[in-house]
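One letter stands for each residue in the lines below.
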Amino acid sequence: MSTNAEKAAARDDVQRLSDAARDHLWMHFTRHSPYESGAKVPVITKGEGVHIWDAEGRRYIDGLGGLFVVQAGHGRRDIAEAATRQASELAYFPLWSYAHPAAIELAERISTHTPGDLNRVFFTNSGSEAVETAWKLAKQYFALTGRPEKRKVISRSVAYHGTTQGALSITGVPDLKKVFEPLVPGAFKVANTNLYRADEITGVPGMAEDPEAFGRWAAHQVELAILAEGPETVAAVFLEPVQNSGGCFPPPPGYFAAVREICDRHDVLLVSDEVICAFGRVGEMFACTRYGYTPDIITCAKGMTSGYAPIGAAIASDRVFEPFRHGDNTFYHGYTFGGHPVSSAVALANLDVFEREGLNENVRKNEAAFRSTLERLKDLPIVGDVRGDGYFYGIELVKDRETKQTFNAEEAERILRGFVSGALFDAGLYCRADDRGDPVIQLSPPLTADQPVFDEIEQILRSVLSEASTLI
């Protein structure tokens, strides 16, 4: 049992960490004013399985997998030991005209899981860098094949594709972009696939009740954008299999088949941005496999290592790589730490866990139970929609469920940021309360989660959302 002195020392250490974070750490996507006013910075010190612990010893369900990342769960010695072995043997060497075994083996292994002829893996450090790479690659591919004017890209409204200048241009969240403008020109937006809001998006009453019709309509918007800009100027269409920002929009039936046909018809590359959706999040190594389409480029990151080390990749088809096989054609692009030996070794160990423990199979086996558990929350007046696939769900919060009326800016600030986000964490659930589109709660737990975890998530959500309903 801890003595009073030990407890006091522990409290002092927690305060010291919080103070140091406040004074020196610039946190990402974070309002710092509450900490300047005296609030403690939450400090997470430990993870095991589906749980994390803070510096004061409180345990939480990691309902977001860190940040849509921790597929295999926290605290795995098998993955950590792979990093140690590789660092002891070869801690660093670049892929600039050289190779090392870990990157070679990882590229080869990834290619066994990709659909079609996506066989060429260009390693990056992050998802933003993977998206940046894909756009630059698309531009140079068309330049090398005699169509240098094909530079523009199409993506979807509210979609998030990253924070670097190019990736931010592709991102469809205006509030994230305006302070950094002017951005890279040539990025255009079309409607997303939020079936819950289909009537509003299309202007057609009853569209939300006809997913196939909505899928045709949404795919047609991609073609209209290509035609409006001129197919001779459009290089690529960037789409997430399940759109993250806005709250987990799965594709309507037939959507990706139609988009694939449209891209082929106009000689436009289809980029499947799977930074979140790849590596088991929807029950397949690559989500395009689940939804039945073969892109020209896949971008991925996050779950490739389950977060144990940073890595990302743009995976290109043989067709896209073909011009770079000849003469002095070179993709003048790269990153110092892309394909880092330790990160590559960690990714290989992570893929071993996928195979040994059947993580994709676990998602496919349990996703219906996860969905049905979350759908119990639909009896709460504040819950408008529960949507997603695999272990990736969004719960849209509404002011009026009958009319689907959303919150205004003041209400979203007061209810979502001012209450729901903190109350969920205080109740033992780390997840995301997001208002980049309509207000949603997002859930993306480790792929090892099971029914007891789902039940606990639902119980915490029910308690907090019941109270939130009284604040409307």
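Residues numbered from 1 in each chain as written. Predicted model: local features only at pLDDT ≥ 70, side-chain atom pairs only at ≥ 80, totals over all residues. Heavy atoms only, no water.

Enquirer: Explain the overall build of the protein chain to me, please; I cannot follow it from the model alone.
Expert: A count of helical and extended segments in the protein chain gives 17 helices and 15 strands. For 472 residues, the compact-globule estimate of 2.2 N^0.38 gives 23 Å, and the protein chain sits close to it at 23 Å. Each of the three principal axes of the protein chain carries a C-alpha extent, and together these read 75 × 65 × 45 Å. Counting across all 472 residues of the protein chain, residues that qualify as buried make up 54%. Considering only intrachain contacts with a sequence separation of at least 6, the fraction spanning at least 24 residues in the protein chain is 70%. As displayed, the protein chain offers around 20,300 Å² of accessible surface, 53% of which is attributable to carbon and sulfur atoms. (Helix = DSSP H or I, 4+ residues; strand = E, 2+ residues; numbered from the N terminus. Rg over C-alpha atoms; globule rule 2.2 N^0.38 Å. Buried < 20%, exposed > 50% of the residue type's maximum accessible area, 1.4 Å probe, protein only. Contact = heavy atoms within 4.5 Å. Areas by Shrake-Rupley, 256 points an atom, 1.4 Å probe, with all protein chains shown as cover.)

Enquirer: What's the story with the packing of aromatic side chains in this structure? I'm lost.
Expert: Any pair of aromatic rings gets described here by the distance separating the centres and the angle formed by the planes. The full count for this structure, using the stated rule, is 17 aromatic pairs. Judged by centre distance (6.2 Å) and plane angle (15°), the ring pair of Phe214 and Trp217 falls under stacked. Of the two residues, Phe214 and Trp217 both sit in helix H10 (residues 211-229), three residues apart, roughly one turn of that helix. Under the relative-accessibility criterion, Trp217 is labelled partly exposed at 21%. Taking the centre distance of 4.5 Å and the plane angle of 15° together, the rings of Phe370 and Phe454 count as stacked. Placement of Phe370 in helix H15 (residues 359-375) and of Phe454 in helix H17 (residues 451-469) is noted, with a sequence separation of 84 residues between them. Judged by its relative accessible area of 0%, Phe454 falls in the buried class. One aromatic cluster is present, built from ring pairs that chain together Phe122, Phe321, Phe324 and Phe331. The residue whose ring lies beneath Arg120 is Phe321, and the NZ or CZ to ring-centre distance is 3.7 Å. Over the ring of Trp135 we find Lys139, and its NZ or CZ is 4.5 Å from the ring centre. (Phe/Tyr/Trp six-rings, centres within 6.5 Å; stacked < 30°, edge-to-face > 60°. Lys NZ or Arg CZ within 6 Å of the ring centre and 35° of its normal.)

Enquirer: I keep staring at the packing of helix H16 (residues 409-426) against H17 and nothing clicks. Help me out?
Expert: Helix packing for two helices is described by the angle between their axes and how far apart those axes are. The geometry of H16 relative to H17 is characterised by a closest axis approach of 10 Å and an angle of 150° between their N-to-C directions. Relative to H17, H16 is oriented roughly antiparallel. Where H16 crosses over H17, the handedness of that crossing is right-handed. Contacts from Ile415, Phe419, Val420, Ala423 and Leu424 in H16 reach Ile460, Leu461, Val464, Leu465, Glu467 and Ala468 in H17. (Axes fitted to C-alpha atoms, helices over the stretch in contact; angles between N-to-C directions. Parallel < 35°, antiparallel > 145°, perpendicular 65-115°, else oblique. Left-handed = near helix turned anticlockwise from the far one by under 90°.)

Enquirer: How should the pairing of strand E11 (residues 383-389) be read in this particular structure?
Expert: Across a regular strand the side chains alternate sides, sitting on one face of the sheet and then on the other. Taking burial as the measure, the seven residues of E11 include seven buried ones, the bulk of the element. Here E11 pairs with strand E12 (residues 392-397) via six bridges, running antiparallel. Looking at the pairing, Arg387 lines up with Gly394 of E12. Connecting E11 to the next strand, E12, in antiparallel fashion are two residues, including Gly390 with a positive phi near 60°. (Pairing = 2+ DSSP bridges.)

Enquirer: Just to check I follow, could you spell out unusual backbone geometry for this structure?
Expert: Trans is the common state for peptide bonds, and a negative phi is the common state for residues other than glycine. With an omega of 5°, the peptide bond between Glu181 and Pro182 qualifies as cis. Its location among the elements puts Pro182 in the loop between helix H8 (174-177) and strand E6 (187-190). In this structure, Ser97 is a non-glycine residue whose phi angle is positive, near 70°. The residue Ser97 is located in the loop between helix H4 (77-89) and helix H5 (101-111) in this model. Given the relative accessible area of 77%, Ser97 is considered exposed. Non-glycine residue Val158 carries a positive phi angle of around 70°. Positionally, Val158 belongs in the loop between strand E5 (152-156) and helix H7 (165-170). For Val158, a relative accessible area of 16% gives the class buried.

Enquirer: How should I be thinking about the sheet that holds strand E3 (residues 59-62) in this particular structure?
Expert: Strand-to-strand pairing in sheets goes through backbone hydrogen bonds, with the strands running parallel or antiparallel. In spatial order, the strands read E1-E2-E3-E13; together these four strands make up an open sheet with mixed pairing. If you trace the sheet from one side to the other, it starts and ends with strand E1 (44-48) and strand E13 (429-430), each paired once. Taken together, the four bridges between E1 and strand E2 (residues 51-54) define a ladder with antiparallel strand orientation. Across the sheet, the residue bridging to Gly47 is Ile52, located in E2. Contacts from H17 reach E3 and E13 within the one sheet, and its direction differs from that of E3 by about 105°.

Enquirer: Whenever I open this one, the sheet that holds E5 confuses me. Can you help?
Expert: Strand order in the open sheet made by the seven strands is E4-E10-E9-E8-E7-E5-E6, with mixed pairing throughout. On the outer flanks of this sheet lie strand E4 (118-124) and E6, each paired with one strand and no other. Here the average twist between neighbouring strands, direction ignored, is 20°. Where E4 lies against strand E10 (residues 312-317), six bridges are found, and the strand directions are antiparallel. Within E10, the position partnered with Val121 by the bridge is Ile315.

Enquirer: Explain the nonpolar core here, please?
Expert: A general trend in soluble globular proteins is that nonpolar side chains are found buried together. Core analysis: the largest hydrophobic core is formed by 96 residues, its most contacted members being Phe123, Phe286, Met304, Ile395 and Leu461. The contact partners of Phe286, leaving out residues within four places of it in the chain, are Ile110, His113, Thr114, Glu274, Ala278, Phe279, Ile298, Cys300 and Ile315. Counting 23 residues, the second largest nonpolar core, distinct from the first, contains Ala138, Ala187, Ala236 and Val320. (Core = buried A, V, L, I, M, F, W, Y, C linked by side-chain atoms within 4.5 Å.)

Enquirer: What's the story with the pattern of salt bridges in this structure? I'm lost.
Expert: Two side chains of opposite charge can pair, provided their charged atoms sit close to one another. Enumeration according to the criterion identifies 39 salt bridges in this entry. Notably, a salt bridge pairs Lys40 with Glu56, separated by 3.8 Å at the nearest N-O pair. Of this pair, Lys40 sits in the loop between helix H2 (33-36) and E1 while Glu56 sits in the loop between E2 and E3, and the two are 16 residues apart along the sequence. A salt bridge links Asp385 to Arg387; the nearest nitrogen and oxygen atoms lie 2.9 Å apart. Take Asp385 and Arg387: they sit in the same class, and that class is buried. Each member of the salt-bridge network shares a partner with another, and the members are Arg147, Arg260, Asp264, Asp267, Asp296 and Arg319. (Salt bridge = Lys/Arg side-chain N within 4 Å of Asp/Glu carboxyl O.)

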